[in-house]
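Spelled out, the chains give:
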Amino acid sequence: MGAFLLRRAVEAALTLIGVAIVVFVLVRVVPGDPIAMMISPGASEADIQALRALYGLDKSILAQFFIWAGHAVTGDFGTSISLRQNVVSLILSRLPATLELAAAATALAVALGVVFAVLGIMWSRRFPEKIIDGFNGVVLAIPDFIWALAFILLFGVLFPLAPISGRIDPRIEFEFVTNFYFVEALLRGEIAVLADLFAHGWMPALALGLPLAAIITRVLKGSLDQAMVEDYVTMARVKGFGRLRIVVGEALQNAAIPALTITGVQFTFLVGGTVLIEKIFSYPGIGNLAIDAVINRDLPLIQGLIVTFAVIFIFVNLSVDMMYALLNPRLRHG
Amino acid sequence: MSNTVLTIANLHAELRAGRKTGPGILRNVSLTVHQGEMHGLVGESGAGKSMIARAILGILPRSILISDGSIDCLGRQMVGLADSDRRKILGRDISLIPQDPLTALNPARRIGAQMTDVMRLHLGWSRARAHDAALALLNEVHIRDAEAVLRRYPHELSGGMRQRVLIATAFACEPKLIIADEPTTALDVTVQKQILRLLREMQNRHGTAILLVTHDLGVVAKMCRSLSVIHSGMIVEQGEVSDIVTRPEHAFTRALFAATPRYDRPADALSPVPGEVVRELEEKAATFDRARAGLS
Amino acid sequence: MAEPAQQHRLSAGLARRLMGDWRVVVGGSIFAVLAILAIGASLIAAIDPLEQDLLLELLPPAWVDGAEPGMLLGTDSLGRDVFSRLVHGSRIALAVAVVAGVLTATLGTVLGLVAGYFGGLADSVISRLVDIWTSFPPVLLAIILVALLGTGLHSVIIAIVVIDWTRFCRVVRAEVMQQRRMDYVDSAVTIGLGRIAILFREILPNILPLVIVLLTLEMGIAVIVEAILSFVGLSLSSDTPTWGGMIAEGRQVIHQAWWVMSFPLLMVVVTVLGFNLLGDGLRATLDPTLRR
């Protein structure tokens, strides 16, 4: 079990080091000069050279990579060119917002996906199943970006239900110790703050989670369908259990593994989706930061963000592997 | 009769595809199981014996339709019974010992949970009380270290152990009727005898009626007092085991006996069921189908 | 080899099957309408999509009070006609869909064919590349790419091709590996056809239906990616009407004028659903044995 997890971690890390190298090289070989974007017009050639040297851009790409990697392992990712702040502290201050958003979206996706898969199986081969399948097809075809805008239009403007930008109402006077606003408000029992965070958060979280919910529904419904003809399900019927209890109590746990796999894979896309969703809802996370970093060609910040995303992915992959073990008792002793 | 637990009368079942009905799966099946007796239902694979078991439990495949006849179990009509009413009977008054203990236990749930759930559902017992009852049942089926077994997952037990667990579970709510559907087919030969002995022992202790579905006439001869022989969906012979074993009336039953391996005879003495016997039976089956086609 | 007459009968049967599938009909119709809009844009929408009139800014659609006659879907914040911009925007959407779709399909299919047929080192390199590619969020990759390449239609198309070739490569590779074991490949070898000839003349025709289905879906994705990049401000300048650009502008004035964002958003949704329906329908009709 431990060896299995370790192997998966190493695999994931190797892939992501590959990604880091590809991106590192890519941002440097493509024409365009980050220094050109930050200097005032009329700066002398000597000034430009000085700045290039300051950010290490005058060396070869290989040399740059090793210098950067050498600093990175000590936790030093340099200074953001466009924001003139330490990259690590910049990312750390924004990361909690994104983590909370992604976690909320995943939770919503899992909840919706499981509920609709179970309902579909309960109504198997009857009319409501067709409605669920049809609706699911539409949700699958439309990406989070479109959902976000549609929600803004529907629940922000035409039928105003909730605020459509930001993470929290700036008028709320509450001193947060951490940047995990939601967790902190929850722990400190601040109902009013929690309600405001919820009002701001449900739309981006739902937009982000809906496509994943549709994928979970489809995969889980398929594997539930298979599980429902297993002998142990027949045994449960013969014991006199009702259909809901059989689906949830007997089939679900065995059918969950394929759905979990796909959730793990799709989580990458969900985290990638935060980039746009945060932009659309002016939500102050690392996704929003990433777009600005890319547009300003802020190399240190881009690199720092990529490593951040990479760490998140490794962490998620490992969590998924641990969940397998929890769901499948056979693995625990393997 | 007041001491019957199961009466099947003139049961017909057909394969159904859309509007069309196909050939008969069960043809005019009648069968009675008395309180506390073990009744053998014997036939080759595909003869329809498992379909009878499934019809009683109401778990026939969607494609098979009961077209006529009745299944009376403890005074209740099982054919066409509403699902909610059936659920009150299943598990409590009737239970099943399945064919394959390897697939009949949920791989993701502990043995204890799978044994106690049925008692908690039907008898309304607390977790603790059902747990104690499960311990007692495991002792009855001669499982040592029962406390530890309750905490295990199915894959940690051998096939024979799992079948013992399933037998114990079948007796959990003191049902009036247990359907044992080929309970030893999937097991090792060495384990088969132990399981049959255990089944007999449990039946004697609890006084439960058992419908033993099997392809092995030898097993029935040893275990049961009465038996029904089924072929092509028809009951071809029925009565006391002692009568039928000494003078089988139907050529098919004679043939089945001849095909049953016995320890006191060499293996090459086995003879397959003669072709003309099978043909005769199939003609009879076809006559049934024609007659029903004329009826409807 | 089928006789010409037989081939004709086959294609007639195929056409009938295609027309019998409602998804193909609906999806195909949406695609056709889009094509008509794109080709006849200047005829259908008489008003110049670029003409600004600050006296006519943020006028509502025709059925709402305060509308200007002739401005069917109202105007945006610079007084430009929304309907006209929408119609002209379909040109960019369709161009990106077709060009990026076909290029992506070509690159992905060729790499998939090579990896699946030749195996060995080529396969390991390509497969590893696919793994690395797909482990990275595509949206972020697209934004990085376009930011580096500079804005413009060609960058958008290059970004889509560079990111999405893996979709084709993975599926085609798996399919080729299966086809390679079939008898017709052996017979082609025995009659002395070269490897390249077998790959392109024998195997490719058999996986073409699959590629067409994927291409249809890819065109829907391309429309979305273009809209996303326009929205982030990385596609074309605001002078060229694009749906994504209109959505971004509409987002700015959403509290004053809901219509500026609604209609282009609706167009994207309908187009994407259309391509998806077409793809699903084609999947079902072209080859019932197609696996996902």
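Residues numbered from 1 in each chain as written. Chains lettered and ligands numbered in written order. Predicted model: local features only at pLDDT ≥ 70, side-chain atom pairs only at ≥ 80, totals over all residues.

**Some points on the overall build of chain B**
Of regular secondary structure, chain B possesses 11 helices and 10 strands. Residue burial in chain B is summarised as follows: out of 296 residues, 43% are buried. The contacts of chain B with a sequence gap of at least 6 include a subset with a gap of at least 24, amounting to 67%. (Helix = DSSP H or I, 4+ residues; strand = E, 2+ residues; numbered from the N terminus. Buried ≥ 20, exposed ≤ 12 C-beta atoms within 10 Å, placed from the backbone. Contact = placed C-beta atoms within 7 Å.)

**Examining the overall build of chain C**
A tally of regular secondary structure across chain C gives 11 helices and 0 strands. In chain C, the succession of α and β elements from N to C terminus is α-α-α-α-α-α-α-α-α-α-α. Counting every position in chain C, which comprises 292 residues, the buried fraction comes to 47%. Counting contacts in chain C only where the partners sit at least 6 residues apart, residues at least 24 apart contribute 70% of the total.

**Quick word on the packing of helix H4 (residues 82-118) of chain C against helix H7 (residues 153-179) of chain C**
All names here are of chain C. Where H4 meets H7, the axes come as close as 6 Å, and the angle between the chain directions of the two elements is 40 degrees. Here H7 runs oblique to H4, going by the angle between their axes. As for the relative orientation of H4 and H7, their crossing is right-handed in sense. Tallied by class, residues from the contact of H4 with H7 come to 20 nonpolar, 6 polar and 3 charged. (Axes fitted to C-alpha atoms, helices over the stretch in contact; angles between N-to-C directions. Parallel < 35°, antiparallel > 145°, perpendicular 65-115°, else oblique. Left-handed = near helix turned anticlockwise from the far one by under 90°. Nonpolar A, V, L, I, M, F, W, Y, C, P; charged D, E, K, R; others polar.)

**Observations concerning the pairing of strand S3 (residues 38-42) of chain B**
Residue and element names in this part refer to chain B. Counting buried positions along S3 gives 5 out of 5 residues, so the element sits mostly inside the fold. Burial along S3 is two-sided: Met38, Gly40 and Val42 facing one way and His39 and Leu41 facing the other are all buried. One ladder, built from 5 bridges, connects S3 with strand S8 (residues 209-214); its direction is parallel. Note on S8: the bridge partner recorded for Gly40 is Leu212. Summarising the sheet, S3 and strand S9 (residues 226-231) pair through 4 bridges and their orientation is parallel. Bridging from a neighbouring strand, Leu41 pairs with Ser228 of S9. (Pairing = 2+ DSSP bridges.)

**A few points about the interface of chain C and chain A**
At the interface, 28 residues of chain C touch 35 residues of chain A. Elements represented by at least two residues in the side of chain C that touches chain A include exactly helix H5 (120-134), helix H6 (138-149), helix H9 (195-232) and helix H11 (259-286) of chain C. Counted by class, the side of chain C that touches chain A contains 23 nonpolar, 4 polar and 1 charged residues.

**Considerations on the interface of chain A and chain B**
Every contact between the two is made by 17 residues of chain A and, on the other side, 23 residues of chain B. For the side of chain A that touches chain B, the secondary-structure elements that each account for two or more residues are helix H10 (231-238), helix H11 (243-280) and helix H14 (329-332) of chain A. A per-element tally of the side of chain A that touches chain B places H10 of chain A first, with 6 residues.

**Structural notes on the sheet that holds S3 of chain B**
The strands that make up a sheet pair up through hydrogen bonds in the backbone, lying either parallel or antiparallel. Residue and element names in this part refer to chain B. The strand order across the open sheet built from 6 strands is S6-S7-S8-S3-S9-S10, with neighbouring strands paired in mixed fashion. The strands lining the two open edges of the sheet, one partner per strand, are strand S6 (94-97) and strand S10 (234-240). The average angle at which neighbouring strand axes cross in this sheet is 15 degrees, direction not considered. Strand contacts of helix H6 (residues 159-170): S6 and strand S7 (177-181), with the helix running at about 175 degrees to S6, the strand carrying the most contacts.

**So, H7 of chain C**
Residue and element names in this part refer to chain C. With 27 residues, H7 ought to run about 39 Å at 1.5 Å a step, and its terminal C-alpha atoms sit 37 Å apart, in line with that. Along H7, the helix axis deviates most sharply at Asp164, where the bend reaches about 40 degrees. Burial analysis of H7 places 19 of its 27 residues in the buried class, which makes it a mostly covered element. (Expected span 1.5 Å × (residues − 1). Bend = angle between axes of the 7 residues up to and from the residue.)

**Description of unusual backbone geometry**
All names here are of chain B. Residue His142 is not a glycine yet carries a positive backbone phi of 60 degrees. Its place among the elements puts His142 in the loop between helix H4 (127-140) and helix H5 (146-151). Although it is not a glycine, Asp145 adopts a positive phi angle of roughly 55 degrees. As for its placement among the helices and strands, Asp145 is situated in the loop between H4 and H5. Looking at Asp145, the number of C-beta atoms within 10 Å reads 9, which means it is exposed.

**Concerning the environment of Leu252 of chain A**
All names here are of chain A. Mapping Leu252 onto the fold places it in helix H11. Sequence-wise, Leu252 and Ser223 are 29 residues apart; in three dimensions their C-alpha atoms are separated by 8.8 Å. Once residues lying within four places of it in the same chain are set aside, the contact partners of Leu252 are Leu224 and Val247.

**So, the nonpolar core**
Note on soluble globular proteins: their nonpolar side chains tend to be buried together. Within the largest apolar cluster, 247 residues are counted, with the highest numbers of intra-cluster contacts made by Ile179 of chain B together with Ile143 of chain C. With 20 residues, H9 of chain C is the largest single contributor of residues to this core. Excluding its chain neighbours within four sequence positions, the residues that come into contact with Ile179 of chain B are Ala53, Ile56, Leu57, Ile94, Leu96, Leu211 and Val213 of chain B. (Core = buried A, V, L, I, M, F, W, Y, C linked by C-beta atoms within 7 Å.)

**Some thoughts on the environment of Ala285 of chain B**
Residues and elements named next belong to chain B. Within the secondary structure layout, Ala285 lies in helix H11 (residues 275-295). Separated by 197 residues in the primary sequence, Ala285 and Lys88 have C-alpha atoms spaced 36 Å apart. Contact partners of Ala285, with chain neighbours within four places excluded, come to Gly24, Arg27, Ser232, Gly233 and Met234.

**Things to note about the confidence of the model for chain C**
Residues and elements named next belong to chain C. Residues with a pLDDT of 70 or more make up 90% of chain C, whose mean pLDDT is 82. Mean pLDDT across the elements of chain C ranges from a minimum in helix H1 (residues 4-19), with 65, to a maximum in H4, with 91. Throughout residues 1-5 the model reports pLDDT below 50, and contacts reaching past four residues in sequence, or to other chains, amount to 1 contact. Our summary of model confidence lists the complex with pTM equal to 0.81 and ipTM equal to 0.84. (pLDDT = per-residue confidence, 0-100.)

**Concerning the packing of helix H7 (residues 144-158) of chain A against H11 of chain C**
In helix packing, the relevant descriptors are the interaxial angle and the interaxial distance, both defined with respect to the helix axes. At their nearest, the axes of H7 of chain A and H11 of chain C sit 11 Å apart, and the two run at 145 degrees to each other. The chirality of how H7 of chain A crosses H11 of chain C is left-handed. Residues Ile146, Leu149, Ala150 and Leu153 of chain A of H7 of chain A lie in contact with H11 of chain C, whose contacting residues are Met261, Ser262, Leu265, Val268 and Val269 of chain C. Tallied by class, the residues present in the contact of H7 of chain A with H11 of chain C amount to 8 nonpolar, 1 polar and no charged.

**Quick look at helix H9 (residues 191-227) of chain A**
All names here are of chain A. In a regular helix each residue adds 1.5 Å, so 37 residues correspond to 54 Å; H9 covers only 42 Å between its end C-alpha atoms and thus falls short of that length. At Gly201, H9 is deflected by roughly 40 degrees, the largest bend along its length, and proline Pro204 occurs up to four residues later in sequence. Among the 37 residues in H9, 26 count as buried, and that is most of the element.

**Topic: the environment of Ala186 of chain B**
Relative to the assigned elements, Ala186 of chain B resides in the loop between S7 and helix H7 (189-206). The residues contacting Ala186 of chain B, other than those within four sequence positions of it, are Gln99, Asp100, Pro101, Leu102 and Gly159 of chain B.

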